[in-house]
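Structural description and commentary
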Amino acid sequence: MPEFTTLRAEVADRIGRLTLTQPKQLNPLGVVPLAEIAQAAAWFDTTDAVVVIVTGEGRAFSSGFDLREFAGHGESGVSPREQADLGRLMAEAMERMSALSIAAIKGPCVGGGVVLAGVCDLRIAADDTVFSIPEVDLGIPLAWGGIPRLVREIGPAITRELVLTCRPFDAEEARSIGFLNRVVPRSDLESAVDELATSIANKAPSVVRATKRQVNVVLENMAATGGAWSDADLLGAAMADPEAKDAARRYLASRSRQT
C-alpha cells in the first residue's frame, strides 16, 4: 500500500474505505489529497475490494478546493494549471476504479467536494449535509470535469442555477434533484452506508464491475468528460482576468471575516 498523509485507505471483507483525514481543516482538496485519492483508487484495484466507501473524518465530507493554496499561502509548488489537472486526474481515477464507490456525505460538502461526491457511483447523505459550489463567487469556473458530471446527474437547468448562484442547498433538495440516492439521520449514516456496501459486496464481483462499466459508458455518451483536460486552461484564464481576481479577493475577504 502507498503511504498516505491526508487520507486512510483500507479493505476488509471486500469493502474498502477511503477516509479523508484532515478534519480540523474540513478535509480540503489540495495538491496532496488530490494526488493521494488518485493513488488510493489505483491501489484498491490491486485488492479484492468490490465496494469502496468514501468519506471524511470529523464533521465534514470535504471543504473542497484548498483556498490556502488558491490564495498563494500554501507551499504546494504546483501551478494553478497543474492543480486543476490534478482534480481531473483524481475524478478520472475514481471513475476508472473497478470497485463501486459509495459516498457517505455529512456536514459541509463544498465545490471540489461536490465533484468528489459526484464522481462516486452511489451517494448517501446525512440530513445535516449542506452543499455549495462557490467557484463562480471565487472568480473561477467549476473545473475537474464537474460541469458535465453535474449535467448528467441533475440536468442542465439545475446545474446552471447551482453553479452560477453559488447558493447553498441541503440534503433533501439534493435528493429531490437526483444527486443523492438517500438521505438519513446523521446518527444512521454509517450504518446505512455499511448496510448498502455489504449488500453489494456480497454479489458477484465481476457483475458489479461490469454494471459500473456499463453505466459509465452510457453516462459518457450523455455528457462526455473527455474535454475536461481543458478545464485547467479555463481556470488559468480566469485567474489572469482582473475582474475575476477582484471577485476572488472579495470572496476570500468575506471568508476571513466569517472565521
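Provided above is the structure to which this section pertains.
Within any chain, residue numbers begin from 1 and follow the written order of that chain's sequence. Residues qualify for local features only when their pLDDT is at least 70, as the model is predicted, and side-chain atom pairs are given and counted only at 80 or more; totals for whole chains, interfaces and linings, by contrast, use all residues. With hydrogens and water set aside, each side-chain value is computed from the structure's full complement of heavy atoms.

As for empty space enclosed by the protein
Site definitions follow a grid-based scheme: protein atoms alone, a 1 Å grid, a 1.4 Å probe that fits but cannot get out for cavities, and for pockets an open set with protein on both sides within 12 Å along at least five of seven lines, plus lining residues having an atom within 4 Å of a point. Grid points are joined across faces, edges and corners, and a volume is the space filled by probe spheres set on the points. In the structure shown here, the tally under the stated rule is two cavities of 30 Å³ or more. A volume near 70 Å³ is recorded for the largest cavity. Lining the largest cavity, in full, are Phe65, Gly111, Gly112, Val115, Glu135, Ile140, Pro141, Leu142, Ala143, Trp144 and Leu235. For the lining of the largest cavity, a count of residues per class yields eight nonpolar, two polar and one charged. Think of it as three bins: nonpolar holds Ala, Val, Leu, Ile, Met, Phe, Trp, Tyr, Cys and Pro, charged holds Asp, Glu, Lys and Arg, and polar takes everything else, Gly as well.

Here we look at the layout of surface pockets
Each pocket or cavity is described by its volume, and for the second largest pocket that value is around 330 Å³. Lining the second largest pocket are 21 residues, and of these Cys120, Asp121, Val215, Asn216 and Leu219 lie nearest its centre. Going through the elements one at a time, α4 (112–119), α5 (146–154) and α9 (205–222) are the ones with two or more residues in the lining of the second largest pocket. Think of it this way: any DSSP run of H or I at least four residues long counts as a helix, any run of E at least two long counts as a strand, and we number them from the N terminus. Ranked by residues supplied to the lining of the second largest pocket, first place goes to α9 with seven residues. Among the residues making up the lining of the second largest pocket, the classes are represented as nine nonpolar, five polar and seven charged.

Description of the environment of Leu116
Topologically, Leu116 is positioned in helix α4. C-alpha of Leu116 to C-alpha of Val218: the two residues are 102 residues apart in sequence and 20 Å apart in space. Residue contacts are counted whenever heavy atoms from the two residues lie within 4.5 Å of one another. Among all residues touching Leu116, those that are not within four sequence positions of it are Leu20, Leu29, Ile37, Val54, Phe61 and Met90.

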